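Inside the fold
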Amino acid sequence: MNIQSIIKLSLICFAFGNLSAQNTWPKITETAKPWTRWWWMGSAVNEKGLDKQLTTLNKAGFGGVEIVPIYGAKGFEKQYLNYLSPEWMKMLQLTTYKAKNLNMGVDMSVGTGWPIGGPQVNEQDAATKMIVQTYTISAGENFSDKIILKDEKQKNLKIIKLDIVTAYNEKNEAVVLTDKVSSDGSLDWKPKSGKWTIYAVFVGKTLQKVKRAAPGGEGYTLDHFSNTATADYFKTFDKAFGNSNYGIRSFFNDSYEVYNADWTPDFKNEFKKRRGYDLSPYIKYLVNDEEDNETTGRIKSDYRETMSELILNNFTDNFTKWAHSKNSKNTNQAHGSPGNLLDLYAAVDIPESETFGSTKFDIQGLRRNLEDINTKEVPDINMLKFASSAANVTGKKLTSNETFTWLTEHFKTSWSQAKPEVEQVFLSGINHVFYHGTTYTPAEVPFPGWLFYASVNFVPENSLWPHLKGLNSYIERTQSVLQSGESDNELLMYWPIYDQWASPKGKDVTFKVHNVEKWLQPTPMYENLNKLNKMGYSLDMISDKMIGESKSENQKIQVSKEGSEYQVLIIPELTYLPESTLKNILNLAQNGASIIFQNEPKDIPGNFEVEKRRTQLKSLWNQIPFQSQSENVKTANFGRGKIVLSSDVAKALEYLKIEREKLTDTGLKFVRRQFDGGKYYYIVNHTFKEINQNIPLNFVGKQVTLMNPENGDYGIAQTQNNSIRVQLKSGESLIVKTSENADNSIPKWNYTEKTDVPIVLNQPWQLTFKEGGPELPKAKNLKKLEPWTNFTEDPATQSFSGTGVYTTTLNLKKKNADDYLLKLDKLYESAKVIVNGQEAGIVWSIPFEINIGKFLKRGKNTIQIEVCNLMANRIRYMDQNKIQWRNYHEINFVNINYKPFDASNWKVQPSGLDGEIQLIPIHYSK
């Protein structure tokens, strides 16, 4: 072989080696990138504007948009397009065509504003409520009143129906009188003895209209419990779409925010069919909160279970079937519904959760000003797990999330604040985030463009926009991993929903994101989730319906063939458990499953054949041959499986030899995925401390690769036994890939072994301004680094939002370190670093630092730091000078406390660089 052939072969081998290393990261698809909710205000969109904004979003790293038409801006009424009109559908088609050319996806809501409804929802199909009127009558009296609806708001409706009339005496004896009432409201009944109270239930309407509706979308809210109403609703979409889906990937339904909808016209018949008895004799217990007794709880439990089944069967299932008829998927926010969230999430293609508000993290230097947040709303990771659990147990590849809703006050959110919030979303098992969000703005509308009142403003007019690619690239790399393979959680936790449904207070029970402190956080299940997660166990939740669909093979529990396999099913402390669910649990154990009960179920829920079902529950429980194993642990071999009874779930798991991931002992958090031949660990450090040590992993394999989702770096980790070495500063994250297959082309990971004395860049700097407004401040020579807002002698510095450029030169006498870390002390808010004319990268998250060694040279170096600040100072200036920028129909614009927005009294937000900048020479381990 001649020298040319050898060189050629070497080049080929090198190329294939690099290709292999490049494949360390999963392929980036449009789904891996973040998507954004895209509000069309008044649907005042046009082809040129759509083309421009989609192109801008694409360049910033977005993978798709979710179109939600809402109310419009004043003065643009002539440009409004009616929802689903031919003109609107043309704009939709142009959008999906352009998006496809950009390799982007498009989703859209099945309605405008929220909750769904519109002009196609007539009185019959509108959200329904029960209206209760009471009357009294005594023995021997003729009933002189008329049983007719007295509610003035309902009198103009044509479909009012009297549904149930039942009388009760002092002994609570009931007589159903529904067929004794004539069409004019006369009652043909006279009691022979005692004093009676008559309860009359009418089928009324909530009269709720769609909130924040767009033109053509105004109208009543839909009755989610009616099969007919749902079918009627989607006929309008069938007419608009025909046989096409217009390129829509998924049709979206926002969270259930229907108020007082506690009935449906056919509820009485549905109740009897599903619960096995007539509700009419028990209506008093349902409508009266003063009846705090066992019967009340049982009736209300049956009522709530029926409501849950109706919204699942009549709305959610039908929504999925309709989307599939268009060859599209569907996305649903089940939270807020009066139904079993797990079953509702599981019934759609993409379950979607929601984060609302700001979480307190212990990350060094993370800003969280109390005056800029809603202290009453804190996202809860266990609430998020309802959506991801439903996806994991049923094998859905994507779980989405409405992300950053009201993260902070308008114009005060930095990308560094967004990072830990989205990391918590990822840790919950969610892998497909939607920003909340982006507003379409016509080109002629000046700064700040059109804005939605409850969002972090992910709009090109945002002064932080030039550095958004930093956050987006981080999410893109992370989601490419979290969408690979499948979830790898080992535990299932049963949700004892009947304990919630048995409450004698109220009627319908809605499970909202906004009231978890009432229905979720006080429960033993929640306590277990937190405790076990902190110990290093990974869990999903499961419903009664899912348990009934589960199978046990090879000591693993699986709900569906596509879903994850689990080692243990945990039944947390509870009062009520259906005998049918216990039977299904014992069948799983019989076939090899491991089950943990925290206590013996005390009772069955509901009011049908109570004593018979109680006996069945007790009989099933008594079949378990428990034997005391140790203090607080009883065990039983049951068929091929094991059942453990212990109030201490951790002790029960230890008995079953279920290994936890001990890495959480350091304070690190993780979520784990499995793929053919290995596992991914996504690990974050939300502690105040730096982690620089070996951490144990339950699975190491033959090779461990560390991957940095912030910059894409990767390398082979140092391992020792079943542990790996990690170096994570406060606020940082890491992906660990453990594999049974070794790839020799991957380089070693760069571990910092030591650092030399930092070089402090305390020399003069020049400050200039690149872009922004309302006007550029004057350039300035600085003796030391300061925020530009310190220079009050130039009024423009107080109102400016945009990009300031700090420039200096550095004489590097020697370059003998492996790398050099540029560390920024205080950064307001993000920066692009340019060294000797080459872009080194974006500094946007904590810690504010970046490696720049490969761009430095011996001798003179020029360092430029382009800093973007918040929009806040410019908005403050506009409000102080009465410059109108918010002028919308509907809610117009509010602050984080839902009061009229006014920034004129805000303090000037610090902007630029402050403190020391250090250049730290780094030496890597060999």
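These numbers were taken from a predicted model, which means no experiment stands behind them.

Parameters at a glance
- Residues numbered from 1 in each chain as written.
- Predicted model: local features only at pLDDT ≥ 70, side-chain atom pairs only at ≥ 80, totals over all residues.
- Heavy atoms only, no water.
- Helix = DSSP H or I, 4+ residues; strand = E, 2+ residues; numbered from the N terminus.
- Rg over C-alpha atoms; globule rule 2.2 N^0.38 Å.
- Contact = heavy atoms within 4.5 Å.
- Lys, Arg positive; Asp, Glu negative; His and termini not counted.
- Charge placed at Lys NZ, Arg CZ, Asp CG, Glu CD.
- Axes fitted to C-alpha atoms, helices over the stretch in contact; angles between N-to-C directions.
- Parallel < 35°, antiparallel > 145°, perpendicular 65-115°, else oblique.
- Left-handed = near helix turned anticlockwise from the far one by under 90°.
- Nonpolar A, V, L, I, M, F, W, Y, C, P; charged D, E, K, R; others polar.
- pLDDT = per-residue confidence, 0-100.
- Polar contact = N/O pair within 3.5 Å; in protein donor to acceptor, adjacent residues only side chain to side chain.
- Buried < 20%, exposed > 50% of the residue type's maximum accessible area, 1.4 Å probe, protein only.
- Pairing = 2+ DSSP bridges.
- Salt bridge = Lys/Arg side-chain N within 4 Å of Asp/Glu carboxyl O.
- Expected span 1.5 Å × (residues − 1).
- Phe/Tyr/Trp six-rings, centres within 6.5 Å; stacked < 30°, edge-to-face > 60°.
- Lys NZ or Arg CZ within 6 Å of the ring centre and 35° of its normal.

Moving on, we get to the overall build of the chain. Scanning the chain for helices and strands turns up 20 helices and 44 strands. Over its C-alpha atoms the chain spans a radius of gyration of 31 Å, differing by no more than 12% from the 29 Å that the globule rule assigns to 926 residues. By principal-axis analysis of the C-alpha atoms, the chain measures approximately 110 × 75 × 55 Å. Pairs at least 24 apart in sequence give 78% of the contacts found in the chain among residues at least 6 apart. Placing the 110 positive and 105 negative side-chain charges of the chain at their respective mean positions leaves the two points 4 Å apart.

Turning our eyes to something else, we now look at the packing of helix H4 (residues 227-241) against helix H7 (residues 294-325). Remark: H4 packs on H7, axes separated minimally by 9 Å, with the N-to-C direction vectors making an angle of 30°. Taken as axis vectors, H4 and H7 run roughly parallel relative to one another. For the element pair H4 and H7, the recorded crossing hand is right-handed. Listed contacts from H7 to Asn227, Thr230, Phe234, Phe237 and Asp238 of H4 are Asn314, Phe315, Asn318, Phe319 and Trp322. When its residues are assigned to classes, the contact of H4 with H7 shows five nonpolar, four polar and one charged.

Another point: the confidence of the model for the chain. With 98% of its residues at a pLDDT of at least 70, the chain reaches an overall mean of 95. A low-confidence stretch, residues 1-22 stays under pLDDT 50, and its non-local contacts, those more than four residues away or across chains, total ten contacts.

With that out of the way, let us pick up the side chain of glutamine 763. Mapped onto the elements, glutamine 763 comes out in the loop between strand S35 (759-760) and strand S36 (765-773). From its side chain, glutamine 763 meets the backbone oxygen of threonine 809 in a polar contact 2.9 Å long. Contact partners of glutamine 763, with chain neighbours within four places excluded, come to Lys783, Thr808, Thr809 and Leu810.

Here we come to the environment of asparagine 457. Among the structural elements, asparagine 457 can be located in the loop between strand S14 (432-439) and helix H11 (468-482). Considering only alpha carbons, one finds asparagine 457 and methionine 871, 414 residues apart in sequence, at a separation of 9.6 Å. Excluding residues that lie within four positions of it along the chain, asparagine 457 makes contacts with His410, Phe411, Gly437, Leu451, Phe452 and Asn462. A distance of 3.1 Å separates a polar atom in the side chain of asparagine 457 from a polar atom in the side chain of serine 455.

The next point concerns the pairing of strand S39 (residues 819-828). Here is the key point about a regular strand: its side chains alternate between the two faces of the sheet. Within S39, seven of the ten residues are buried, leaving the element largely enclosed by the surrounding structure. Examined bridge by bridge, S39 and strand S42 (residues 849-851) share three bridges and lie antiparallel to one another. Following the sheet pairing, leucine 822 is matched in S42 by isoleucine 850.

Further remarks concern the sheet that holds strand S13 (residues 400-405). Ordered in space as S1-S2-S3-S10-S11-S12-S13-S14, the eight strands form a closed barrel in which the pairing is parallel. Here the strands of the sheet are splayed against their neighbours by 30° on average, with no regard to which way each runs. Sheet topology places strand S10 (residues 250-253) next to strand S11 (residues 329-332); four bridges connect them, and they run parallel. Considered in S11, the bridge of asparagine 253 is made with asparagine 332. Taken strand by strand, helix H2 (residues 47-59) contacts strand S1 (35-41), strand S2 (64-70) and S14, and its axis lies near 160° from that of S1.

In this section: the pattern of salt bridges. Counted under the stated rule, the structure contains 45 salt bridges. A salt bridge links lysine 531 to aspartate 648, with the shortest nitrogen-to-oxygen separation between them at 3.8 Å. One end of the pair, lysine 531, is in helix H14 (residues 524-535); the other, aspartate 648, is in the loop between strand S25 (641-645) and helix H18 (649-655), and 117 residues separate them in sequence. Judged by its relative accessible area of 43%, lysine 531 falls in the partly exposed class.

Turning our attention to helix H16 (residues 579-590). Between the first and last C-alpha of H16 there are 16 Å, a value that for twelve residues agrees with the 16 Å anticipated at 1.5 Å per step. Within the sequence span of H16, burial applies to Glu579, Thr581, Leu582, Ile585, Leu586, Leu588 and Ala589. Glycine 592 sits one or two positions beyond H16 and adopts a positive phi of about 115°.

As for its position among the elements, serine 830 is in strand S40 (residues 830-835). Within the structure, the side chain of serine 830 is placed 2.7 Å from the side chain of histidine 467, a separation counted as a polar contact.

With that settled, consider helix H10 (residues 415-427). Between its first and last C-alpha, H10 extends 19 Å over 13 residues, near the 18 Å set by a 1.5 Å rise per residue. With 13 of 13 residues buried, H10 lies mostly within the body of the structure.

So, about the sheet that holds S36. Strand order in the open sheet formed by six strands is S37-S36-S38-S43-S40-S41, and the pairing between neighbours is antiparallel. Pairing within the sheet leaves two strands with one partner each, and these edge strands are strand S37 (780-782) and strand S41 (838-843). Within the sheet, the average angular offset between the axes of one strand and its neighbour, ignoring direction, is 25°.

A cis amide bond links histidine 436 with the next residue in sequence, glycine 437, at an omega value of -5°. Looking at the secondary structure, you find glycine 437 in strand S14. Following isoleucine 846, the chain continues to proline 847 via a peptide bond in cis, the omega torsion being 0°. Summarising the element assignment, proline 847 is placed in the loop between S41 and S42. The phi torsion at asparagine 554 lies on the positive side, around 55°, for a residue other than glycine. Positionally, asparagine 554 belongs in the loop between strand S18 (551-553) and strand S19 (556-558).

Moving on: the environment of valine 633. Of note, valine 633 is situated in strand S24 (residues 633-638). Dropping the residues within four chain positions of it, valine 633 is found in contact with Gln627, Ser628, Val644, Leu645, Ser646 and Lys651.

So, about the environment of tyrosine 566. Along the chain, tyrosine 566 falls in strand S20 (residues 565-566). Once the C-alpha coordinates of tyrosine 566 and alanine 347 are considered, the two residues, 219 residues apart in sequence, prove to be 21 Å apart. With residues near it in sequence (within four places) discarded, tyrosine 566 still touches Asn392, Val393, Asn489, Glu490, Leu491, Leu492, Asp540, Gln555, Lys556 and Ile557. Among the polar contacts made by the side chain of tyrosine 566, one reaches the side chain of aspartate 540 at a distance of 2.6 Å.

Further remarks concern the packing of aromatic side chains. All told, the structure shown has 61 aromatic pairs when counted by the stated rule. Judged by centre distance (6.5 Å) and plane angle (55°), the rings of tryptophan 38 and tyrosine 440 are tilted. On the criterion of sequence distance, the pair formed by tryptophan 38 in strand S1 and tyrosine 440 in the loop between S14 and H11 is long-range, its members being 402 residues apart. In this structure, arginine 874 is placed above the aromatic ring of phenylalanine 447, and the distance from its NZ or CZ to the ring centre is 3.8 Å.

With that out of the way, let us pick up the packing of H2 against helix H3 (residues 86-101). Here H2 crosses H3 at 30°, and the two axes come no closer than 10 Å. With respect to their mutual orientation, H2 and H3 come out roughly parallel. Where H2 crosses over H3, the handedness of that crossing is right-handed. Between H2 and H3, the residues in contact are Glu47, Leu50, Asp51, Leu54 and Thr55 and Met91, Leu94, Thr95, Lys98 and Ala99, respectively. When grouped by side-chain class, the residues that make up the contact of H2 with H3 number five nonpolar, two polar and three charged.

Our next topic: the pairing of S10. Burial of the side chains of S10 extends over both faces: Ser250 and Phe252 are buried on one face and Phe251 and Asn253 on the other. Judged from the three bridges that link them, strand S3 (residues 105-109) and S10 form a sheet pairing that is parallel. The residue bridging methionine 108 from the neighbouring strand is phenylalanine 251, located in S10.

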